[in-house]
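Inside the fold
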Amino acid sequence: SATILAACTFGTASAADLVVGFSQIGSESGWRAAETTLTKQQAEQRGIDLKFADAQQKQENQIKAIRSFIAQGVNAILLAPVVATGWDEVLQEAKDAEIPVILLDRTVDANKDLYMTAVTSDLVHEGSVAGKWLVDTVAGKPCNVVELQGTTGSSPAIDRKKGFEQALSGHDNLKIVRSQTGDFTRTKGKEVMESFLKAEDGGKNICALYAHNDDMAVGAIQAIKEAGLKPGKDILVVSIDAVPDIFQAMAAGEANATVELTPNMAGPAFDALAAYLKDGKEPPKWIQTESKLYTQADDPMKVYEEKKGLGY
Ligand code: AHR
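Residues numbered from 1 in each chain as written. Predicted model: local features only at pLDDT ≥ 70, side-chain atom pairs only at ≥ 80, totals over all residues. Heavy atoms only, no water.

**Points about helix 10 (residues 266–279)**
The first and last C-alpha atoms of helix 10 sit 20 Å apart over 14 residues, in line with the 20 Å expected at 1.5 Å per residue. Gly-280 occupies a position one or two residues after helix 10 and carries a positive phi of about 70°. (Helix = DSSP H or I, 4+ residues; strand = E, 2+ residues; numbered from the N terminus. Expected span 1.5 Å × (residues − 1).)

**Examining the sheet that holds strand 6 (residues 143–149)**
Taken together, six strands build an open sheet; the order of strands is 7-6-8-9-10-12 and the sheet is mixed. Strand pairing shows two members of the sheet lacking a second neighbour, strand 7 (174–181) and strand 12 (293–295), which therefore form its edges. Across the sheet, the mean angle separating the axes of adjacent strands is 20° when strand polarity is ignored. Two elements, strand 6 and strand 8 (residues 208–211), share four bridges in a ladder whose sense is parallel. Note on strand 8: the bridge partner recorded for Glu-147 is Tyr-210. The sheet strands contacting helix 6 (residues 155–168) are strand 6, strand 7, strand 8 and strand 9 (236–241), and the helix crosses strand 7 at an angle near 170°. (Pairing = 2+ DSSP bridges. Axes fitted to C-alpha atoms, helices over the stretch in contact; angles between N-to-C directions. Contact = heavy atoms within 4.5 Å.)

**Points about the state of the cysteines**
What the rule picks out here adds up to one disulfide. The partner cysteine of Cys-143 in its disulfide is Cys-207, sulfur to sulfur 2.0 Å. Measuring the twist about the S-S bond at about -90°, one finds the Cys-143-Cys-207 disulfide to be left-handed. Of this pair, Cys-143 sits in strand 6 while Cys-207 sits in the loop between helix 7 (186–199) and strand 8, and the two are 64 residues apart along the sequence. The class of Cys-143 is buried, set by a relative accessible area of 2%. Owing to a relative accessible area of 18%, Cys-207 belongs among the buried residues under this scheme. (Disulfide = S-S within 2.5 Å. Buried < 20%, exposed > 50% of the residue type's maximum accessible area, 1.4 Å probe, protein only.)

What follows is the structure, given as structure tokens:
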């Protein structure tokens, strides 16, 4: 329990006594893989024994993993929730077992008492940063937009859509003509973009693509090229994450803008946990990470090189 752990020197080698379970969604995107790498690195640096469970995109697997962490009596649980709903029961079980749960990168629709804190970006704001960039870039010209949504029912898919729509509201020159899930993957991003292009006169009716993550944008860029159009010029491309591959696409003029999401959610999570276990000090319910916009003007190849060393 927290009281017993208060006697440990958390953050040094003797913190090796700490066992933390991590229920990860899967490895749908480059960003997700980097988050996994960094979480393992951060745990190792702190001498934490990390129990890692890959849910292969399934909520039922995440629920099973959490129950197994509870049965093992871990000291804390990190959860990246694949969808927003359906967590109440298992979170209550963790609470009853006095195991603090920290949400990573996505939020849940559950009572805030059921988890200790959430380390996430402002997901609505990310969508509105992308939307504002598009509004400013098209500068009043008519523009049909297609949208590739993230995993259905996930908080980033819901919130990034909402924020983007908020930024476009009142700008009647911009219209979202098609919107469909690409499940945050490169393969589905490409597939769905192909269907958008077919349905919109080979792409001639499309002025911009908004993708809820970079991986879907990279897949869509391939589809645009195969349709004989120039991504980044004929069809503007704006997305979210800031993974290395999108900077290569930006350097080649094939993508236009991305909103950065740090894959290091575990660092702030472990810091909050350390403080809690040391003093019993509850962290705020939300530890917010930054959302920075990058465009082709930001020396994409330099950013690409910098990013490569950071878990990617
Ligand atoms: O929850 C964060 C999102 O999940 C990332 O933007 C996306 O790449 C990942 O799959």
